[in-house]
Amino acid sequence: MGIDPPGIAGCSAGPLAAGQRTRLIPQDVLPAPSLILEAGIELIENGQLADALAVSGIRVAEGLLLGGFLGVALGTAVGLSRWFEATVDPPMQVIRALPHLGLIPLFILWFGIGELPKVLLVALGVSFPLYLNTFSAIRQVDPKLFETAQVLGFTFWQRFRTIIVPSAAPQVLVGVRQSLAIAWLTLIVAEQINADKGIGFLINNARDFLRIDIIIFGLIVYALVGIGTDAIVRTLERRALRYRS
Amino acid sequence: MTIAAERQTAVAGELRHVNKWYGAHHVLTDVSLRVARGEIVALIGRSGSGKSTVLRLLAGLSTDHAGDRVVSGAPALAFQEPRLFPWRDVRTNVAYGLTRSRLTRSEAQTRADRALADVGLADHAEVWPLTLSGGQAQRVSLARALVAEPELLLLDEPFGALDALTRLSMRGLLLDLWREHRFGVLLVTHDVDEAVASADRVLVLEAGRVVHTLTIDEPRQSPGAHTASYRAALLDKLGVQI
């Protein structure tokens, strides 16, 4: 029995390793933690993990930026203006009712199998939590602060900077956290259906070679990047709320 | 009127024959009032008598009314709650009172620090508003209102949410600042004792009309021979049986 891998694998490694030793769990169903760790080291050493992470990371980042921009911009417009609420919100609600992962076949036909459909799919999934949270965050800004701003003679941009952004920030960041989870989920699905690089491809490729250790390692990587990106947003949340200390 | 007399009674804020409706509801009926510079006028009335509407009108927060509104410069308004921006430090909050003055950032901060010193909070310039006590926050709100040296200060039950002791010291602070800067004050309150103790004149508002004006001819803050009768007269006008 090798050294238990640290972190997440470590939580289940004890009983899992015990299961392996007593041969209750066959190696070709669930490999021992030590073998998963070895597969990970193999992928790190031959550079496949770094390549796959870079590709998947860029897809998520581009999708987040595009979808985040759209979601926040539309949410802000709808939150600030009844006219936008009447014109933009109904079609948004209709599109939201579509399961965005169900659009994959359509996106493949429309945009091919390159990077574009994956980024667009992530963007689509990401935009709704941000849209909804931004919209409701702006509607919940204390109207008394707007009245105060009127007495003080604030311009629209001063009101935006001094009232709207700081008071909406905590809830928008909750939207960012939901969006991040959806971004990684969308990417996992999109990468397993058609991809020639990325973590999803790594996992899918491993399936063809019956490398369960690599599949499980890939899943752990997904979980870790999910936790890592969420931690970054939680740091931003604490910063945005430091005045409540 | 001579020029000297005119300057002495230079108007800080004035309403002439103002009427206002909310839909079919006539909320202000022929209201005329005048606050001169260096004068404190209290406006008392029951809830729903239109006090806040008068104040909002003078502050420029509500515009659709009939009649004339004359205000010298930009009036300052302090609300019942401090209404500070919690995500900006105290100094920045006070400096927002200078938004219309178009000063540089450092000039605004210098003046904000001076205003904070005036209200006794010089050492709180860099703290978050949520760490202040109710009285301290209300003093910051007062500093923000006064930092631009307005000619008219509008106060909407500014001490109503404070405990009795803090309220007394806030009233003392307000009068000190007023003696120094001589702005005109319109104090909206439902506290008869506060009105008698601080105002030159007390107007009683009832159902949107000024039904009574009482001139207080006594030194401020110290009860005199007439204090009890002023108090009784105002309570009577407000329909309070004691």
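All figures in this text were calculated on a predicted structure; none of them were measured in a lab.

### Notes on the sheet that holds strand S3 (residues 40–45) of chain B
Residue and element names in this part refer to chain B.
Piece 1. Read across the sheet, six strands follow the order S5-S6-S7-S3-S8-S9 without closing on themselves; strand pairing throughout is mixed. A strand with exactly one partner marks an edge of an open sheet, and here the two such strands are strand S5 (76–78) and strand S9 (209–215). Across this sheet, the average inter-strand angle for adjacent strands is 20°, counted without regard to direction.
Piece 2. Pairing analysis gives five bridges linking strand S6 (residues 152–156) to strand S7 (residues 184–189), with the strands arranged parallel. Bridging from a neighbouring strand, Asp 156 pairs with Val 188 of S7.
Piece 3. Contacting S5 and S6, helix H5 (residues 134–146) runs over the sheet at an angle of about 170° to S5.

### Some thoughts on the domain arrangement of chain B
Residues and elements named next belong to chain B.
Piece 1. Once the domains are mapped, chain B shows domain 1 (3–75 + 150–237) and domain 2 (85–149).
Piece 2. For domain 1 versus domain 2, the distance between C-alpha centres works out to 25 Å.
Piece 3. The interface of domain 1 with domain 2 comprises 13 residues on the first partner and twelve residues on the second.
Piece 4. If you tally residues by element for the side of domain 1 that touches domain 2, the top one is helix H6 (residues 164–181), at six residues.

### Some thoughts on the packing of helix H3 (residues 48–80) of chain A against helix H6 (residues 115–139) of chain A
Residue and element names in this part refer to chain A.
Piece 1. Between H3 and H6, whose axes approach to 6 Å, the crossing angle comes to 30°. The interaxial crossing formed by H3 with H6 has right-handed handedness.
Piece 2. Looking at the contact of H3 with H6 residue by residue, the classes come out as 18 nonpolar, ten polar and five charged.

Rules of the game
Residues numbered from 1 in each chain as written. Chains lettered and ligands numbered in written order. Predicted model: local features only at pLDDT ≥ 70, side-chain atom pairs only at ≥ 80, totals over all residues. Pairing = 2+ DSSP bridges. Helix = DSSP H or I, 4+ residues; strand = E, 2+ residues; numbered from the N terminus. Axes fitted to C-alpha atoms, helices over the stretch in contact; angles between N-to-C directions. Contact = placed C-beta atoms within 7 Å. Domains from an automatic or database assignment. Left-handed = near helix turned anticlockwise from the far one by under 90°. Nonpolar A, V, L, I, M, F, W, Y, C, P; charged D, E, K, R; others polar.

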